[in-house]
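Overview (structure and organization)
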4 protein chains.
Amino acid sequence: MDYVFGPGRNHLFVPGPVNIPESVLRAMNRNNEDYRSPAIPALTKALIEDVKKIFKTTSGTPFLIPTTGTGAWESALTNTLSPGDRIISFLIGQFSLLWIDQQQRLKFDVDVIESDWGQGANLEVMASKLAADTSHTIKAICIVHNETATGVTNNLATVRKILDHYSHPALLLVDGVSSICALDFKMDEWGVDVALTGSQKALSLPTGIGIVCASPKALQASESAKSLRVFFDWKDYLKFYKMGTYWPYTPSIHLLYGLRAALDLIFEEGLDNVIARHGRLGKATRLAVEAWGLKNCAQKEEWFSDTVTAVVVPPYIDSSQIVKRAWQRYNLSLGLGLNKVAGKVFRIGHLGYVNELQLLGCLAGVEMILKDVGYPVKLGSGVAAACAYLQNTIPMIPSRI
Amino acid sequence: MDYVFGPGRNHLFVPGPVNIPESVLRAMNRNNEDYRSPAIPALTKALIEDVKKIFKTTSGTPFLIPTTGTGAWESALTNTLSPGDRIISFLIGQFSLLWIDQQQRLKFDVDVIESDWGQGANLEVMASKLAADTSHTIKAICIVHNETATGVTNNLATVRKILDHYSHPALLLVDGVSSICALDFKMDEWGVDVALTGSQKALSLPTGIGIVCASPKALQASESAKSLRVFFDWKDYLKFYKMGTYWPYTPSIHLLYGLRAALDLIFEEGLDNVIARHGRLGKATRLAVEAWGLKNCAQKEEWFSDTVTAVVVPPYIDSSQIVKRAWQRYNLSLGLGLNKVAGKVFRIGHLGYVNELQLLGCLAGVEMILKDVGYPVKLGSGVAAACAYLQNTIPMIPSRI
Amino acid sequence: MDYVFGPGRNHLFVPGPVNIPESVLRAMNRNNEDYRSPAIPALTKALIEDVKKIFKTTSGTPFLIPTTGTGAWESALTNTLSPGDRIISFLIGQFSLLWIDQQQRLKFDVDVIESDWGQGANLEVMASKLAADTSHTIKAICIVHNETATGVTNNLATVRKILDHYSHPALLLVDGVSSICALDFKMDEWGVDVALTGSQKALSLPTGIGIVCASPKALQASESAKSLRVFFDWKDYLKFYKMGTYWPYTPSIHLLYGLRAALDLIFEEGLDNVIARHGRLGKATRLAVEAWGLKNCAQKEEWFSDTVTAVVVPPYIDSSQIVKRAWQRYNLSLGLGLNKVAGKVFRIGHLGYVNELQLLGCLAGVEMILKDVGYPVKLGSGVAAACAYLQNTIPMIPSRI
Amino acid sequence: MDYVFGPGRNHLFVPGPVNIPESVLRAMNRNNEDYRSPAIPALTKALIEDVKKIFKTTSGTPFLIPTTGTGAWESALTNTLSPGDRIISFLIGQFSLLWIDQQQRLKFDVDVIESDWGQGANLEVMASKLAADTSHTIKAICIVHNETATGVTNNLATVRKILDHYSHPALLLVDGVSSICALDFKMDEWGVDVALTGSQKALSLPTGIGIVCASPKALQASESAKSLRVFFDWKDYLKFYKMGTYWPYTPSIHLLYGLRAALDLIFEEGLDNVIARHGRLGKATRLAVEAWGLKNCAQKEEWFSDTVTAVVVPPYIDSSQIVKRAWQRYNLSLGLGLNKVAGKVFRIGHLGYVNELQLLGCLAGVEMILKDVGYPVKLGSGVAAACAYLQNTIPMIPSRI
């Protein structure tokens, strides 16, 4: 079943699932355990405390739900809203589109604010809607922090500023799937009510935990929310939190141990150093793209994502051929362009437990592929641009000095 | 975080999560992968075909949902039923109780048929209800095949016979969490419409896949079912099945490879040999319980479970002390008595990738614990009874002869 | 290549290689590393210090040679002796025989003191030879602490007493392969000059490190020893110890990390608790053997080994059939009778990271096998005898109380 | 103990130990086994047959000795030669020097033919010595195929041609530690009598198997060789080969399973494709070195090694600072200059399970380091040169087309 793998290590540069650190693989290499023994609650308790740190919250309550990002979305929505509730949601790419689809199927009254793919959320339109909503019919703002399909990062601080400006009580629900643990995310400071991510993104675990963090206001909303839910219901978790046994149903013991190891790595590096590393990787990638003479799908610098770069190819090239070629010839996994940008962009994911030299190997590969598919790239140009920046900015590894 | 472990291997005899075979651990020891590469659909396609075999179905459609048994329940219900639908559900122990709780919270009109804990589903009452339901207001029968809390196995063949007798079109939804892959389960023959299990049970994987298998009739029902759902919606899966990419959202690549290895083991042993092995383990356990002078919580032989035995302790003993002692002194994990039978029973799980000598070590441990807590057991008696049976019945290992 | 494995976990009760703890497997699950980076010397330095503790020495110098027990023997001999040197060596079973064979092939003048297989080293003969050797022609005493073939433990304290009594300067070279880390071993107190073991024995690692510990007197002897050697030469190690880089050639990085994890487990349990556990396992096994009406190959209690029990079968039974049956029917690995005791004994190894319930599963299996091969054992008898003892002696697991 | 590791994956480019494929790590992730069960001989038998293929021999006999390359050297020498035997040995770098040191300490009469470090073996001097040796006092020619310290590959075909030219019966003993499985090695065609390698080199395993392959002529020589040996003695192996149990002492079961997986990978890729891949990696590295304006330590193209490149730095730079910086800032492991070339060269190992993009990441890193230490490199230049070559030569991955 592994026959499709080529020689050497697969270069995994999709924007998730991402490379898993060895120490995380080690931590998960174990037999099952009785999750009702005293060991698992003790492990869980510490995880819940530590997970707050990656959300930069002290008042939030995390839930480690055995699900994916899609399930985490559903948990955020159904615990805080009732069918028919009016919500604002931004359509800026494939993942915000999918979330909106979920919102509509769960029967919320979704007020979609659409932008061109490559632009960020249109906060001016949001502002005018909030201004007009003096009766507070808008119950929630749903926004992706980082749209993985276009490599666009939204400005959550501004979202909060606008909400505060109009003293609007709408809940702020944020998809942080491709941001949390990689981009700076300040749940408390930004007044985020529900933030969520998935284990297979910047946390660098296998898929399987949807991490949802709820503010006190969100918890309060969950008491009256009428959306039907059981598996995703926070109430069951809270009941078992109080009992000290933590789990209303069987967790993945393996992912709990893996999460422990992943958090240990992040804290050892320092969360802000992790974020700074992603800053370097994003910038280096963009410098390479520029050197190749190609455009970033994200149209303005303020939206540039440090976790994924969607690269626009010339019209005479089909970007899916680039992704195919990467896989078939270079053992390199890149992200496809999705939906509206299918064939037009390919994506380089630079998030999770990855370092500069890994990225440079990827960039060198992309240069060769560009040439393969007929784009007149100057080989070495992107790597040179990235190196010029990185050589000035990579810090020493503290433990090795 | 592993400090609570004693010397030597933990003896894991809870009725799930169960012991993971080494070959499964090996298969999961890998980096993440791009689930949109050609490798994962190829892997998934074969898994879906092979999973049918453990349900003994050719017409069913399996869904490998990244969730737990609780999520699998929700998927079974919300895809086939609409809020307000009348369903029959049997309350015979803690897990059927929890499922009923879910059914009620999802706003179905649940007609609960209750039995004493230790008895099987009362099929006579069901029969009379079906007989009375000439207008077919009953949309589904919900039943656990094996109630994990009491060690009671229900007779699904009879359920089908009764439904057929009354030509009743109700869907038959079966929780096979602690039965499928261990007890004989004949989805097609018994006309089961939705059957489900969890990866951490007899399949011997970590928690994280809720395996749901739907009959054509169930699929048809899903087209008109009005329960709101997105994460659990079969429609999204079916759409991606058709496209050949298989996944509406990120699967756990690790569990897919693990499932491949687990199925390979089962097919190598032979599914019916696996079931026969569970028959031996169940019988041996019951012979030991009898030799100890204790009672099985399951009140009649027809209900005896071959995957879990709930042992009733004398009134002067608190069964939770037995479980505690097992953990604290013998590195043995047993199951607690739950809810109505809390303190009254302890449970020995004998399912999954486990063999006779492993069970005998557990039984020897239980004997010592019984003595520890003041029960006048004759040491060796249970093991002797189990050995007398096993020595006559264990087959040779075919590959080693 | 795994096709020979039966369902469930293999019950590994040969006297080595033994069961590997999960935490050790985890520690070894890693990529290679540059052994000239600063990480490996730091790791090695701590290992060398900690390894002394399992030898109970402060003055000894350990060498972690990438070899097996056979290589460790060769290292002990060639570093301390010159061809033609007269040495005393005890022949009490297959492994002492193999060591003697090595001694002879390395051209030492071996004065063999033979005992019946099942008896310990004849220390009276040694005493008389030492008494007669006033000119100190005897350069070394070579003795196995625990003869793995017969389950016989020699009394090293007495050996030392006799040497001291005659003020004889002969070096004391001890094979502790199946004793160190399981039986009490006091290198300094007993004045052992070279002690050695293998990673796959009580340390519970894979095969691959021959651990040799040399006293200052042995180190001094190595300076003038004329046996040719390079790979096994301590001098090269000592040179690199001094340089702080530790390795004259490439070590197995995996086994170093594994050894770290193994030592951590031993120190967490407490070395003397580890030894006490082996005491319980040995005693429990012997009580079972007695209950079965069988004899221990070790003829007197003073020689009974707590790491391996060689069980004598009745003359009408071929013990190799027992081992074969264990493998073919019960997924149980027992040790064969070797050489003189081939067909006459089978061996139960009870050393390393193993606990009481694991052993009881093995003993229950042996009972069934005995019945299989026509021995009139009372099923349950051995387990009952073992349990009666263990139930009174197993301590609580400290971290779980 | 892992605290020294920086973020992201360590880039391991020392010339051994090398990167381990995931499938090999998986294969080794297992409990110990009884090596006297029928499973291990069956596994071993197939390994021995398959190992012949990587030596390109049909008449050779492989020994999988639990040792390192140093032990494999010793096994080659002591099994074929007697103390005092005259042998020719080439000194061209640190590893040939160490082998000569071993030869001298084992008391052979070593006729050293020395070259400048950076040059290959001086075969003309060998020819003249053979010409003069009409009485055949020279018993063996000892030569490293690939000197790992200088990145120099010797021409073994020519060595054989010269021996044949003089009809000289000397044995041909070859150190193939950093060549076999990466460079073309034709044991039978070149009339090599003993060839050897180590598991941690191009086979991409952990350290721990010294693989020695003996020609029929070498086996014959072993019958009369007088060097003392036991652990390394082929005779013991041959005895157990004949018995079908294969192991005179405990093998590393883990490395056997790992070797199985490693060989499977090599055969899947195709041995000649593996060799061609190393050809590409070597060439790409040399093109980068040239682009940087630096010199290869290997002085002529005929000696250029495709498994390791020793790069000469300008006199004003200390190459050990490059290696240190690589480790401390870039998580890159490079090889130090050794002995005569200490401080003058650093080494890039490009052997084992590694692909082009991994190498390009390394080369990008080296460029930045060169700049760090004050060498005026044009960033991107080496990568550009390597890419220009690779983009024209990398084949498609057959299984993915």
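Residues numbered from 1 in each chain as written. Chains lettered and ligands numbered in written order. Predicted model: local features only at pLDDT ≥ 70, side-chain atom pairs only at ≥ 80, totals over all residues.

**Quick notes on unusual backbone geometry**
Note the following rule: Under the DSSP-based scheme used, a helix requires at least four consecutive residues in state H or I and a strand at least two consecutive residues in state E, with every element numbered from the N terminus. Any residue whose C-beta has 12 or fewer other C-beta atoms within 10 Å is treated as exposed, any with 20 or more as buried, and any in between as partly exposed, C-beta atoms being built from the backbone.
Looking along the chain, the bond that leaves Gly16(B) and enters Pro17(B) is cis, with omega of 0°. Structurally, the position occupied by Pro17(B) is in the loop between strand E1 (11-12) and helix H1 (22-28). A positive phi angle, close to 55°, is found at Asn339(B), a residue other than glycine. Relative to the helices and strands, Asn339(B) resides in the loop between strand E13 (332-333) and strand E14 (345-349). Residue Asn339(B) is classed as partly exposed on the basis of its C-beta count, with 13 C-beta atoms lying within 10 Å. Even without glycine at this site, His136(D) takes up a positive phi of about 60°.

**What about the sheet that holds strand E11 (residues 295-296) of chain C?**
Residues and elements named next belong to chain C. Let me state the cut-off plainly: Two strands qualify as a pair provided that DSSP identifies no fewer than 2 bridges between them.
With antiparallel pairing, 3 strands are arranged side by side in an open sheet as E11-E12-E14. Where the open sheet ends on each side, the last strands, each with one partner, are E11 and strand E14 (345-349). Two elements, E11 and strand E12 (residues 308-312), share 2 bridges in a ladder whose sense is antiparallel. When the sheet's bridge partners are listed, Lys295 is paired in E12 with Val312.

**Brief notes about the confidence of the model for chain A**
For residues with low pLDDT, the predicted coordinates do not support detailed interpretation. What counts is decided by this rule: On a range of 0 to 100, pLDDT expresses the predictor's confidence in each residue.
Across chain A, the average pLDDT comes to 97, with 99% of residues at 70 or higher. As a predicted assembly, this complex carries a pTM of 0.98 together with an ipTM value of 0.98.

**A short note on the relation of the copies chain A and chain D**
Counted only if it meets this: When the copies are superposed, the least-squares fit takes in the C-alpha atoms of residues with a pLDDT of at least 70 in both. This entry defines residue contacts through backbone-placed C-beta atoms, with two residues in contact when those atoms are within 7 Å.
Superposing chain A onto chain D takes a rotation of 180° plus a shift of 0.0 Å along the axis, which leaves an RMSD of 0.0 Å. Such values leave the two copies arranged in the relation of a two-fold axis. Across chain A, the rotation axis passes nearest the C-alpha of Gly361(A), at a separation of 1.9 Å. A high fraction, 100%, of the interface residues of chain A reappear at the interface in chain D, so the copies pair face to face through one surface.

**Here's the deal with the interface of chain C and chain D**
The criterion, for reference: Residue classes follow a fixed rule: Ala, Val, Leu, Ile, Met, Phe, Trp, Tyr, Cys and Pro count as nonpolar, while Asp, Glu, Lys and Arg count as charged, and any other residue, Gly among them, counts as polar.
Counting from both sides, the interface comprises 49 residues of chain C and, opposite them, 48 residues of chain D. Those elements that place two or more of their residues in the side of chain C that touches chain D are helix H2 (39-55), helix H3 (69-80), helix H4 (94-105) and helix H9 (253-269) of chain C. Among the elements that take part in the side of chain C that touches chain D, H3(C) stands out by supplying 4 residues, more than any other. Residue classes in the side of chain C that touches chain D are distributed as 23 nonpolar, 19 polar and 7 charged.

**Some words on the sheet that holds strand E4 (residues 109-114) of chain A**
Residue and element names in this part refer to chain A. This is how the line gets drawn: Axis definition: a line fitted to C-alpha atoms, limited for helices to the stretch in contact. Angles are taken between N-to-C directions and run from 0 to 180 degrees.
Pairing within the open sheet is mixed, and its 7 strands lie in the order E2-E10-E9-E8-E5-E3-E4. In this open sheet, the two strands that pair with only one neighbour each are strand E2 (61-65) and E4. With direction set aside, neighbouring strand axes in the sheet form an average angle of 20°. Strands E2, strand E5 (138-144), strand E8 (171-175), strand E9 (194-198) and strand E10 (210-214) of the sheet are contacted by helix H3 (residues 69-80), whose axis makes an angle of about 25° with E10.

**Description of the interface of chain A and chain D**
Taken together, the contacts link 48 residues of chain A with 48 residues of chain D. Elements with a contribution of two residues or more to the side of chain A that touches chain D: helix H11 (319-330), helix H12 (356-372) and helix H13 (381-393) of chain A. With 11 residues, H12(A) is the largest single contributor of residues to the side of chain A that touches chain D. Of the residues contributing to the side of chain A that touches chain D, the split by class is 23 nonpolar, 16 polar and 9 charged.

**Focus on the domain arrangement of chain A**
Residue and element names in this part refer to chain A. Applied cut-off: Each domain's limits were defined by an automated method or a database of domain assignments.
When its domains are assigned, chain A resolves into domain 1 (11-18 + 271-393) and domain 2 (22-267). In this complex, domain 1 contributes 29 residues to the contact, which on the side of domain 2 involves 29 residues. Among the elements that take part in the side of domain 1 that touches domain 2, helix H10 (residues 271-291) stands out by supplying 4 residues, more than any other. In the side of domain 1 that touches domain 2, the residues fall into 16 nonpolar, 9 polar and 4 charged.

**Quick word on the UniProt feature "binding site: substrate" (unreviewed entry) in chain A**
Residue and element names in this part refer to chain A. Which entries qualify depends on this criterion: UniProt positions are given in the numbering used here, feature names are shortened, and annotations may be inferred rather than shown by experiment.
The UniProt feature table records "binding site: substrate" (unreviewed entry) at Arg347. Position of Arg347 among the secondary structure elements: in strand E14 (residues 345-349). Dropping the residues within four chain positions of it, Arg347 is found in contact with Pro15, Gly151, Val308, Thr309, Ala310, Leu334 and Gly335.

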